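Read off the chains here:
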Amino acid sequence: MHEISHMRFGDLPQSARSIWAKSGEGGGHGLLAHLLDVAAVAEAILAREPAAIRRLVADAWGVAGDAAGRWVAALVGLHDFGKAIPGFQMKWADGAAEVERAGMPFHPSSLSCSQHSLATAALLAPALQRLTGAAALWCHQVVQAVAAHHGYHFLPAELEGGVPRREGAAWAAARQAIVDAYWAVLSPPGCPTAPAMTLPWVNWLAGLTSVADWVASNPAWFPLGEREEGLLGHFARARTLAERALDAVRWHPYRPLLAGHGDLDHLLARIVARPGIQARPLQRGAHALLSEVNGPALVLVEAPMGEGKTELAFLAHLQLQATNQHRGLYVALPTQATGNALFTRATTFLEGFADGPLDIQLVHGGAAMNEQLIALRGIDQSEDEALGASAWFGQKRRPLLSPYGVGTVDQMLYAALNVKHHFVRMWGLSNRVVVLDEVHAYDTYTTGLIVTLLRWLKALGCSVVLMSATLPRARRHELLRAWGGGAEQEETPYPRLAVVDARGTRAVHVGARPLPEVQLVGMGSGVAEMAAAAQAAVREGGCVAVIVNTVSRAQAVYLALRSCLPASDEVTLVLFHARFPADERAERERDVLGLFGPGGERPTRAILVATQVVEQSLDIDFDVMFSDLAPVDLLLQRAGRLHRHGERTRPVAHAQPRLVVAGLQAGALSAWKETGWAFVYDAYILGRTWALLLQETALRLPQDIDRLVQAVYDIDHGLPEALEQAARQFIEGESYGAYLARVGSERMQSFHIAVDPDAEPAAAYDGKPRGHEEDELGLGLTNRTRLGQESITVVPVIVGDDGRWHARHGDAGFFPDAEVGPEMARALYARQVKLSRTGVVKRLKAGPLANAFESHPLLRQMFPLPCVGQRAADAGLRVVVDPELGLVFGDAVSDVGATEGEA
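Residues numbered from 1 in each chain as written. Predicted model: local features only at pLDDT ≥ 70, side-chain atom pairs only at ≥ 80, totals over all residues. Heavy atoms only, no water.

For the rest of this paragraph, the subject is the pattern of salt bridges. Scanning the entire structure with this criterion turns up 45 salt bridges. Between Arg506 and Asp501 there is a salt bridge, with the nearest N and O atoms lying 3.0 Å from each other. The exposure classification of Arg506 matches that of Asp501, with both residues buried. Here Asp621 and Arg648 are joined by a salt bridge, their closest N and O atoms 3.5 Å apart. Here the residue Asp621 occupies a position in the loop between strand E14 (605–610) and strand E15 (624–628), and Arg648 occupies one in the loop between helix H25 (632–639) and strand E16 (658–662), the gap between them amounting to 27 residues. In this structure Asp621 comes out as buried when scored by relative accessible area, which is 0%. Arg648 gets classed as buried once you look at its relative accessible area, which sits at 19%. Through salt bridges that share partners, Glu43, Arg48, Arg70, Arg239, Glu243 and Asp247 make up one connected network. (Salt bridge = Lys/Arg side-chain N within 4 Å of Asp/Glu carboxyl O. Buried < 20%, exposed > 50% of the residue type's maximum accessible area, 1.4 Å probe, protein only. Helix = DSSP H or I, 4+ residues; strand = E, 2+ residues; numbered from the N terminus.)

This next bit is on the nonpolar core. One finds Trp61, Trp204, Phe222 and Leu436 to be the most contacted residues of the largest nonpolar core, which totals 140 residues. With 13 residues, helix H2 (residues 31–48) is the single largest residue contributor to this core. If we skip the residues at most four places from it in the chain, Leu436 touches Ala332, Val409, Met412, Ile450, Val464, Val465, Leu466 and Met467. In this structure, Val518, Ile547, Met625 and Val712 belong to the second largest nonpolar core, which totals 56 residues. (Core = buried A, V, L, I, M, F, W, Y, C linked by side-chain atoms within 4.5 Å. Contact = heavy atoms within 4.5 Å.)

Attention now goes to the environment of Leu561. Assignment of secondary structure puts Leu561 in helix H23 (residues 551–564). Residue Leu561 is classed as buried on the basis of its relative accessible area, which comes to 0%. In this structure Leu561 touches Ala531, Ala534, Gln535, Leu573, Ile607 and Val609, once residues within four positions along its chain are discounted.

It is worth spelling out the pairing of strand E6 (residues 404–408) at this point. Within E6, five of the five residues are buried, leaving the element largely enclosed by the surrounding structure. When strand E4 (residues 329–333) meets E6, the two strands line up parallel, connected through five bridges. For Tyr330, the partnering residue across the bridge sits in E6 and is Gly405. (Pairing = 2+ DSSP bridges.)

Our next topic: the packing of helix H27 (residues 683–693) against helix H29 (residues 721–728). Closest axis-to-axis distance for the H27/H29 pair is 7 Å, and the angle between their directions is 140°. Between H27 and H29, the crossing angle belongs to the class labelled oblique. Of the two possible hands of crossing, H27 and H29 adopt the one that is right-handed. Contact residues: Tyr684, Gly687, Arg688, Trp690 and Ala691 in H27; Leu723, Glu724, Ala726, Ala727 and Arg728 in H29. (Axes fitted to C-alpha atoms, helices over the stretch in contact; angles between N-to-C directions. Parallel < 35°, antiparallel > 145°, perpendicular 65-115°, else oblique. Left-handed = near helix turned anticlockwise from the far one by under 90°.)

Before going further, it helps to spend a moment on the sheet that holds E15. Taken in spatial order, the seven strands make up an open sheet running E13-E14-E12-E15-E16-E11-E17, and their pairing is mixed. Whereas interior strands pair on both sides, the edge strands pair on one side only; in this sheet they are strand E13 (572–576) and strand E17 (698–699). Pairing geometry for strand E12 (residues 542–547) and E14, over six bridges, is parallel. Bridge pairing in E14 places Ile547 opposite Ala610. Against the sheet, H23 touches E12, E13, E14, E15 and E16, its axis set at about 165° to E13. Relative to the sheet, H25 contacts E12, E15, E16 and E17, its axis offset from that of E15 by approximately 155°.

Scanning the entire structure with this criterion turns up zero disulfides. The thiol of Cys139 is unpaired, and the distance to the nearest cysteine sulfur, on Cys191, comes to 8.0 Å. (Disulfide = S-S within 2.5 Å.)

By volume, the second largest pocket amounts to about 1,100 Å³. Taken together, 42 residues line the second largest pocket, and the ones lying closest to its centre are Arg274, Glu311, Arg345, Asp619 and Arg644. Contributions of two or more residues to the lining of the second largest pocket are made by helix H12 (264–272), helix H14 (309–324), helix H15 (339–351) and helix H24 (582–596). Considered class by class, the residues forming the lining of the second largest pocket number 13 nonpolar, 15 polar and 14 charged. (1 Å grid on protein atoms, 1.4 Å probe; cavity = no way out; pocket = protein on both sides within 12 Å on 5 of 7 lines; lining within 4 Å. Points joined across faces, edges and corners; volume = space filled by probe spheres on them. Nonpolar A, V, L, I, M, F, W, Y, C, P; charged D, E, K, R; others polar.)

This brings us to helix H32 (residues 838–846). Burial in H32 covers these residues: Val840, Val841 and Leu844. End-on, the buried residues of H32 take up no more than an arc of 100°, which puts them together on one face. Of the residues in H32, the exposed ones pointing more than 90 degrees away from the buried face are Lys842 and Ala846. Each element contacted by the buried residues of H32 is listed here: strand E18 (792–799), strand E20 (833–835), strand E21 (863–868), strand E23 (879–882) and strand E24 (886–889). (Arc of directions from axis to C-beta.)

What follows covers the confidence of the model for the chain. For the chain, the mean per-residue pLDDT works out to 88, and 89% of the residues sit at or above 70. Ranking the elements of the chain by mean pLDDT puts helix H16 (residues 383–391) last, at 46, and helix H8 (residues 136–147) first, at 98. Note on residues 364–390: pLDDT under 50 across the span, and 83 contacts to partners over four residues away in sequence or across chains. (pLDDT = per-residue confidence, 0-100.)

For the rest of this paragraph, the subject is unusual backbone geometry. Of note, the bond from Tyr494 into Pro495 is cis; its omega dihedral lies within 30 degrees of zero at -10°. Among the secondary structure elements, Pro495 is positioned in the loop between helix H21 (473–482) and strand E9 (496–501). A cis geometry characterises the amide bond from Leu701 onward to Pro702, with omega recorded as 10°. Relative to the assigned elements, Pro702 resides in the loop between E17 and helix H28 (703–713). At Arg166, a residue that is not glycine, the phi angle is positive and equals roughly 55°. Locating Arg166 in the fold gives a position in the loop between H8 and helix H9 (169–186). Residue Arg166 is classed as exposed on the basis of its relative accessible area, which comes to 60%. Positioned with a positive phi, Ser187 is a non-glycine residue whose angle comes to about 35°.

Among the six residues that make up strand E8 (residues 463–468), six are buried, leaving the element largely enclosed by the rest of the structure. Residues Ser463, Val465 and Met467 line one face of E8 and the alternating positions Val464, Leu466 and Ser468 line the opposite face, and both faces are buried. Relative to E8, strand E3 (residues 298–302) runs parallel, the two being bridged by five bridges. Its bridge partner being in E8, Glu302 is matched across the sheet by Ser468. A crossover connection joins strand E7 (residues 433–436) to the parallel E8 through helix H20 (residues 444–459); in handedness this β-α-β unit is right-handed. (Right-handed = clockwise from strand over helix to strand, strands pointing away.)

On to the side chain of Arg650. Along the chain, Arg650 turns up in the loop between H25 and E16. Here Asp623 takes part through its side chain, which lies 2.8 Å from a polar atom of the side chain of Arg650. Only 3.0 Å separates the side chain of Arg650 from the backbone oxygen of His645, close enough to count as a polar contact. When sequence neighbours within four positions are dropped, the list of residues in contact with Arg650 reads Arg602, Asp621, Phe622, Asp623, His643, Arg644, His645 and Ala655. (Polar contact = N/O pair within 3.5 Å; in protein donor to acceptor, adjacent residues only side chain to side chain.)

Here we take up helix H10 (residues 199–216). With 18 residues, H10 should reach 26 Å at 1.5 Å per residue; the first-to-last C-alpha distance of 26 Å fits that figure. Most of H10 is tucked away, with 18 of its 18 residues classed as buried. (Expected span 1.5 Å × (residues − 1).)

This brings us to the environment of Ala181. Mapped onto the elements of the fold, Ala181 is located in helix H9. Classification of Ala181 by relative accessible area gives buried; the value is 0%. With 170 residues separating them in the primary sequence, Ala181 and Asp11 have C-alpha atoms 9.8 Å apart.

Laid out in structure tokens, this is it:
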């Protein structure tokens, strides 16, 4: 072989030089050139990441710390080794002809395998072991990682299908010439000493490989062809192009927000942009614990509403990043519905510390309007693959790659499920501080997935902050054990903080402000009764909240109030739920914060009718509250919005906070069946809440929070016999034993669907069928992060007389069979709304997807809902898009009031 410093593409055997990776005019793009391009991108990405990641790699693989970046790049670039097979080379006629002219035969038997990634999985390991001298098992695990770059890991039983039959010795010789030349260019120093790789690191490498391949495959950034005569020159040029490409997608070099630990009050003032603010006991306790943290840590925060848990999470990020060089922050919310408020607070925090540009992203419907959409091309010669890759640089998934993001817990949980490119999520989350807010809000199934994900995050160098008003004891211990923590916290009084790190588990009790005693009153569950009670309360002045459990019920209460409130009363009436198009929902959220938030212009008289979207993450305050019966922890969360801003002057009639609970009456079982609450909450927990709260006349916060939550959720300890029997009346159609079996089944479902981070990599995906995300189009298995009704994302569009569709009245419109431009795509994306009505979901999924949606990365996983006027054009859907009520299920607004609904 020529000296590498002088080796040129022309020095390769013609058989090797003729092997192509990308088709195109002018001879396409040779395989060796593409491997070097991808390696250059991987190296450039790692150079922009914190040094802590390279140290983690070096420790995990047994290589020198300063060589880790080059080793990763060299391995990533080998991902397309399997393109040098007859079956793949036949995919492009011009390229195949050139290969054949170079003396490479195409025997019919050799064409049976054309899947290049499978060929990489089947053929690369011996060559890699020869080149590196590393352990055979380690090499096989590297190959498993890089071969998965098109979305899924291959099972051992599949590998035989990646070996071409009767291809001839020339093909193997060409592959060896390519890989030898490639390795000589990269020439990573030393030899990995690790005998094997853990599954988290296999997936970390798989995720980086996919991202690097997407970037390097885009001909707008990496023009096709041999850009320099020499191989070293081509690689150096590719590094320059990689830097430009990363700049184009705003992939900024790592900058910590805080170099060291600062004064607490000063840090807090910068977090909230309010000079002079003083830290609360909760924040002081966390600051003290985190100042002694040893490595990545789990922080568990249990404290009352309004004590500054969100600010504590941002403070924890600063301290943990300064200690561990974490690459960024991901804040996971239970739903998208309150994303805007949290995003605003996160932006304020980051702007207070950023020294240079930051890429902060929000997973939320209306947030795409200012987005620079990155449209990738050239991915696996497939438009579908290119659209799928582009989606990772779009609004929905970019927060998982960008260092700073606010999104949903669902997008994060898909990292632990065998969905396409789940390991890209894993790579993006690695070495970040991950915050899970409202961890009490999840059912048994989703909590099981969270427990598994915690184990993944720990293995990938993350720190995690879990926040809740309080947690059932069993759940708290389960979360701590997932991080390797013990049960030392068991006797720690509420409110409490716990930290688990390399030193073990430490827990402390912290103080909290005493809140005014909340009067607890029960009432019937009828819509008319609730509207009348709210009307009577608002006559006394002040701001009234009516929080109900379903959208349909919220619409019905709102209509009842609208019809009975005299115009002379001058009452501001607001409806807020998650079944408005995203841009309208965001506007209503701003209105709610403006009316009831700490800095808003508070009306003299107002009623907010809302669903669960207001019980989490929104800093709003009411004088009196009416609420549907809900599990006790959520009722307490709702009650935390009563007299939240202590400095306000209250109407005399509402001087004491009052929570009126619909359905909290003895013998009200028949009414509960009519409300549809069984669609929303666990029946037995609802029953225990009802039975327990019937004995209470007031809520004393914060001291009652822990007592009530433990009493309701500790189902191993029954309530007094009479109350226990009453609670079990909620479980309709099954025995108590069957109920317990169902709960156990949900836990087992989460165990079986999630990928175990401790599994041996080659066997980890046995019994984990390949699936797609719930809101992705596709046949076969849907891997889900929550049980319950299937949901889809729809976009209402207005059908014009000329056949054009419009996002809004008055826009230019588009024809559904044509592609849409970026501005129209953003406008449509901003109108999205998620639905789970079974009949609507089935009917929309059964029809063809309009090309305008299918061909655009922002829209391809959404379903258009064509409307004539306000009604769905398909009469079989029975959906009305009402500007005042949101989406209504039925033929007309008069149909509002059905029991089934979404929050």
